[in-house]
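# Close look at the chain arrangement
Below, each chain spelled out in residue letters.
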Amino acid sequence: MRKIILLTQIFLLLFIKFVYAEKIEKITISGNERISAKTIIIFGEINLEDDFNENKLNLILKNLYKTNYFEDVKINLTNNILNILVSENPIIQSIEIKGIKAKKLRDPILESLSLKRNNSFTEFTARKDRNLLLNILKNSGFYFAEVKLKKIENSNKTVSLIYDVELGERAKIKKILFIGDKKFKDRKLFRIIASEENKFWKFISDRKLLNQDRINLDKKLLEGFYKNKGYYNVKVESSFAKLLDNGKFDLIFNINAGEKFFFNDLKLNIPKDYDRNNFLKIDTILEKLKNKPYSYNNIEKILEEVELVALNTEYESINATIEETILENNKINFSIFINEIQKQYVERINIIGNNITREDVLRNKLILDEGDAFNKILHNKSINQLRSLNYFKSVNSEVVEGSSKNSKIINIEVEEKPTGEISAGAGFGTSGSTIGFAVKENNFLGRGIQFSTNLELSDESIRGMFSVTNPNFRGSDQSIFTTIQSSETDRLADYGYKTTKTGFTLGSRFEYYEKMFISPSITTYYESLKTDSSASSTLEKQKGTYFDTDLNYLIDYDKRNQKFQTTDGFRSRFSQSIPIVSETNAIINGYEFNHYQEILDEMITTISIYGKSVNSLTGDNVRISERLYMPTNKLRGFQRGKVGPVDSNDYVGGNYVSSVNIAATLPNIVPNWQNADFSIFLDAGNVWGVDYSSTISETNTLRSAAGVALDWHTPVGPLSFSYTSVISKANTDKTEAFRFNLGTTF
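Residues numbered from 1 in each chain as written. Predicted model: local features only at pLDDT ≥ 70, side-chain atom pairs only at ≥ 80, totals over all residues. Heavy atoms only, no water.

### Some remarks on a positive patch on the surface
Together, K288, K292, K301, K515, K559 and K563 make up a region of like positive charge exposed at the surface. Residue position: K288 is located in helix α8 (residues 280–289). Since its relative accessible area comes to 60%, K288 is described here as exposed. (Patch = residues over 30% accessible without salt bridge, like charges linked within 9 Å, V, L, I, M, F, W, Y side chains within 5 Å. Areas by Shrake-Rupley, 256 points an atom, 1.4 Å probe, with all protein chains shown as cover. Salt bridge = Lys/Arg side-chain N within 4 Å of Asp/Glu carboxyl O. Lys, Arg positive; Asp, Glu negative; His and termini not counted. Charge placed at Lys NZ, Arg CZ, Asp CG, Glu CD. Helix = DSSP H or I, 4+ residues; strand = E, 2+ residues; numbered from the N terminus. Buried < 20%, exposed > 50% of the residue type's maximum accessible area, 1.4 Å probe, protein only.)

### As for unusual backbone geometry
Phi is positive for N291, which is not a glycine, with a value near 70 degrees. Mapped onto the elements, N291 comes out in the loop between α8 and α9 (296–310). We note that D477 has phi near 65 degrees; this positive angle belongs to a residue other than glycine. In this structure, D477 sits in the loop between β19 (461–470) and β20 (479–491).

### Things to note about a nonpolar patch on the surface
Taken together, the side chains of F466, I484, F504, L506, I522, Y526, F547, L551, I580 and V581 make up a nonpolar region of the molecular surface, amounting to roughly 910 Å² of accessible area. Secondary-structure elements contributing two or more residues to the nonpolar patch are β21 (497–513), β22 (516–531), β23 (544–558) and β24 (569–581). Here V581 lies in strand β24.

### Comments concerning the sheet that holds strand β3 (residues 81–88)
Reading across the sheet, the 3 strands line up as β1-β3-β2 and stay open at both edges, with mixed pairing between neighbours. Pairing within the sheet leaves two strands with one partner each, and these edge strands are β1 (26–30) and β2 (70–78). Direction aside, the axes of adjacent strands within the sheet are offset by 15 degrees on average. Two strands pair when backbone bridges link them, and β1 and β3 are joined in this way by 5 bridges, in the parallel orientation. Bridge assignment links I29 to a residue of β3, and that residue is I84. Helix α2 (residues 37–44) contacts β1, β2 and β3 of the sheet and is inclined by roughly 110 degrees relative to β1. (Pairing = 2+ DSSP bridges. Axes fitted to C-alpha atoms, helices over the stretch in contact; angles between N-to-C directions. Contact = heavy atoms within 4.5 Å.)

### Quick notes on the environment of D186
Within the fold, D186 resides in helix α6 (residues 186–190). In this structure, the C-alpha to C-alpha distance between D186 and W673, residues 487 residues apart in sequence, is 8.8 Å. Those residues in contact with D186, other than ones at most four positions away along the chain, are F178, Q674 and N675.

### A few points about α9
With 15 residues, α9 should cover 21 Å at 1.5 Å per step; its first-to-last C-alpha distance of 21 Å lies within 8% of that length. Buried residues along α9 sit in contact with β10 (262–269), α8, β11 (318–326), β12 (331–340) and α11 (376–388). (Expected span 1.5 Å × (residues − 1).)

### Here's the deal with the packing of α8 against α9
Running from N to C, α8 and α9 point in directions that differ by 170 degrees, and their axes come no closer than 9 Å. Taken together, α8 and α9 sit at an angle that is classed as roughly antiparallel. On α9, the residues touching K281, I282, I285, L286 and L289 of α8 are N298, K301, I302, E305, V306 and V309. Counted by class, the contact of α8 with α9 contains 7 nonpolar, 1 polar and 3 charged residues. (Parallel < 35°, antiparallel > 145°, perpendicular 65-115°, else oblique. Nonpolar A, V, L, I, M, F, W, Y, C, P; charged D, E, K, R; others polar.)

### As for the side chain of E441
With respect to the secondary-structure elements, E441 resides in strand β17 (residues 432–444). Summary of buried charges: E441 has no salt-bridge partner, and the nearest side chain of opposite charge, K440, is 10 Å away. A distance of 2.8 Å separates a polar side-chain atom of E441 from the backbone nitrogen of N443. With residues up to four places along the chain from it excluded, the contact list for E441 reads T419, G420, I449, Q450 and F451. (Polar contact = N/O pair within 3.5 Å; in protein donor to acceptor, adjacent residues only side chain to side chain.)

### Focus on the packing of α2 against helix α3 (residues 54–66)
Between two packed helices, the angle of one axis relative to the other and the distance separating the axes together describe the packing. Between α2 and α3, the shortest axis-to-axis distance is 8 Å and the interhelical angle comes to 115 degrees. Relative to α3, the element α2 is oriented roughly perpendicular. Here I40, F43 and G44 of α2 lie close against α3, whose contacting residues are I60, N63 and L64. Across the contact of α2 with α3, the residue classes tally to 4 nonpolar, 2 polar and no charged.

Given below as structure tokens:
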């Protein structure tokens, strides 16, 4: 009986198919003028051998509309003849944007539009392009812009499109406000976001313009900052712009930081057959984090170690998932689950959207390559490395099945953004005034090469530099760089001499060990030393020209938790410059150590040790330009360059410099003063050694000072101010109780 029922069902299905599906004998196409019938058959994916029913006809209709070549399509099936009647969309003869004179704004907009010259015109795509144009203008600061689309129908069945733009005034940010339960002072939050307030002197920066993309970035930066500080449930509940009567905006961030959370139990769960010894480093990190504030940076450290494990061929098919459980008393249980997945291989990697950036630049940043075992951990790291290039507005990826069940295809889509920067800045203070200008490009010709040039002028000197850096030379993860620079220091009026130095540097930088970087380089300089009648006899002897070539290297061990606003960790740097071709054969050694620790909430202590020496390997006198001076930030309370040996009233520097600095921030001093932070400090240092004369006092005396510092976010720019009391000094030293420096950008 069951067999009879089954046969009946099969018969009915075949009968239905026979009744509702037909074979066609002929295809007739009408209404087409530019597009041939053969092309329409290809577009519609029409095959005479197919069975034609309602679904097939709908699919043909869909395929033809998808081409955007047709304004209307009608299909019917009569007497085994497939009739297709089309009405073609007109061709775009020209596209014009009126109302925008600046090419740097107009040309990128034309490139962004979907409709191009000689494309088929569709009303839907034209309206979409109009909205895109409007969004681009708003993101460029033209918040009040209006765009009207005009379509002119030409006699040759083409159309001309005109986008009529009224730009209006650029929308500028008058004031940035942080409100709500924000926990931190405004000054600290100002340093997090990318947007900035408009000032009359900011004629270069575009960050003063209202830009929705930048506001969204600001929200992400603020949320990341708070979560890194332990505020797990932070909400930047609204970031909105309030229109003022003068056409400017107040940009307001409403922040609800919530409570601070701490890690509770942290566990690593691995399959039973895995060797636990291979995961001991992760276990150690998890153990140290117990009862520490929740932090994105610490999670990043854990994931980096998981990635290192995944690079091992033994674990190339693992995946990791994270589970966070919120407990009472603001505690979080953090668990990592390592699982083994079925081994699959990367069949192909497709990258689209990189119209400027070369594909090899992107592929050099991918950890996974075609033919490798697919690993989700390493895939995510690859995508993050592409984002870290900062060449793209967005980076999206999709992993789909390959040609077999054991293969994967990775599709990566990027959207490029401008990578050039122009900046200018100025500073004024008790140590003098400076003004600078810089141009930088981070992705030159799409090759991932960085170049920058800058010019800086101060009271006594002028410096210019041009540098080119390839951060990933031939896919080696090693950077190479070359720098050409020139400087002139004019002290003729006060001390009777002027030095001019011009040369170049060629070097490299690479990670030798985890967090340890080595940077070897070779430097060649031509120097000229000129004097007048007021110069000392020693300077008169050094007058002339010099040619020097030095071999340099830097060992940099960086264990800071973050490079910006560091709160924990240390950094140790040793440098040496060895003379290859030189008249004085001066060898320079330098060392600097910085340690950071947050002893209380937002109270960060910093301990720094600094030392440098210069001596001649052949016993010659070190030139005036090679002698060492105390950096101004290493010994406050003393005038810049007015510490150490003195020759004919000229502070000539020493052969040795050393300092120790201890500082601590005081976040709870004047808590209602939102734009200021205070700190206390103790500085001690020395400048000594005169190799060219035994009659000049080396002033081998410990200098020390203590004081309080104020960092204030003023309407003009950041102001740093310090009041210092000198504890010990040499008789010849010149002191200063007050020091300030005010800087701004344009």
